[in-house]
Amino acid sequence: MEMRETLARNLRKYRRAQRLSQEELGHRAELDRTYISSIERCVYSATVDVVGRLADALGIPALELLRPASESAEVKSSSATSTESASTKAQAKKGAKPSRKSEGQAQRRATRKKPGP
């Protein structure tokens, strides 16, 4: 995978994890939202200075935006305890939090007014 694609994927992942719009991230990093969109779509490549500004705005080290997926997986797996079994991992995965879309649907259902008697 090319470095531009790695940056695009990681930028989108960290931005969404913090529930930031491209516009809000652009405001924090003092960049135009269309430029952030172009970076995430691999239209433009970012300079080292821009990567640093994006990382600062996200509150993460710049290295995290440039780290290939295979290295991220290695870092995560090496930090896991050796006593954790495959079944424990599978159970944790099954109990994963629902997607943002389903959370929103559940909230709307919960806040709907029920008809009176």
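All values reported here derive from a predicted model rather than from experimental measurement. (Residues numbered from 1 in each chain as written. Predicted model: local features only at pLDDT ≥ 70, side-chain atom pairs only at ≥ 80, totals over all residues. Heavy atoms only, no water.)

*Asks:* Explain the packing of helix H2 (residues 22-29) against helix H4 (residues 48-58) here, please?
*Replies:* It is at 8 Å that the axes of H2 and H4 come closest, and there the two elements cross at 110 degrees. With respect to H4, the axis of H2 lies roughly perpendicular. Here H2 contributes Leu25, Arg28 and Ala29 to the contact with H4, which in turn contributes Arg53, Leu54, Ala57 and Leu58. Its residues assigned to classes, the contact of H2 with H4 comprises 5 nonpolar, no polar and 2 charged. (Axes fitted to C-alpha atoms, helices over the stretch in contact; angles between N-to-C directions. Helix = DSSP H or I, 4+ residues; strand = E, 2+ residues; numbered from the N terminus. Parallel < 35°, antiparallel > 145°, perpendicular 65-115°, else oblique. Contact = heavy atoms within 4.5 Å. Nonpolar A, V, L, I, M, F, W, Y, C, P; charged D, E, K, R; others polar.)

*Asks:* How should the side chain of arginine 15 be read in this particular structure?
*Replies:* Secondary-structure assignment places arginine 15 in helix H1 (residues 3-17). On the basis of relative accessible area, arginine 15 is assigned to the buried category, the value being 8%. One polar contact links the side chain of arginine 15 to the main-chain carbonyl oxygen of leucine 20, over a distance of 2.9 Å. Beyond its immediate chain neighbours, meaning those up to four positions away, arginine 15 contacts Leu20, Ser21, Gln22, Leu25, Glu40 and Leu58. (Buried < 20%, exposed > 50% of the residue type's maximum accessible area, 1.4 Å probe, protein only. Polar contact = N/O pair within 3.5 Å; in protein donor to acceptor, adjacent residues only side chain to side chain.)

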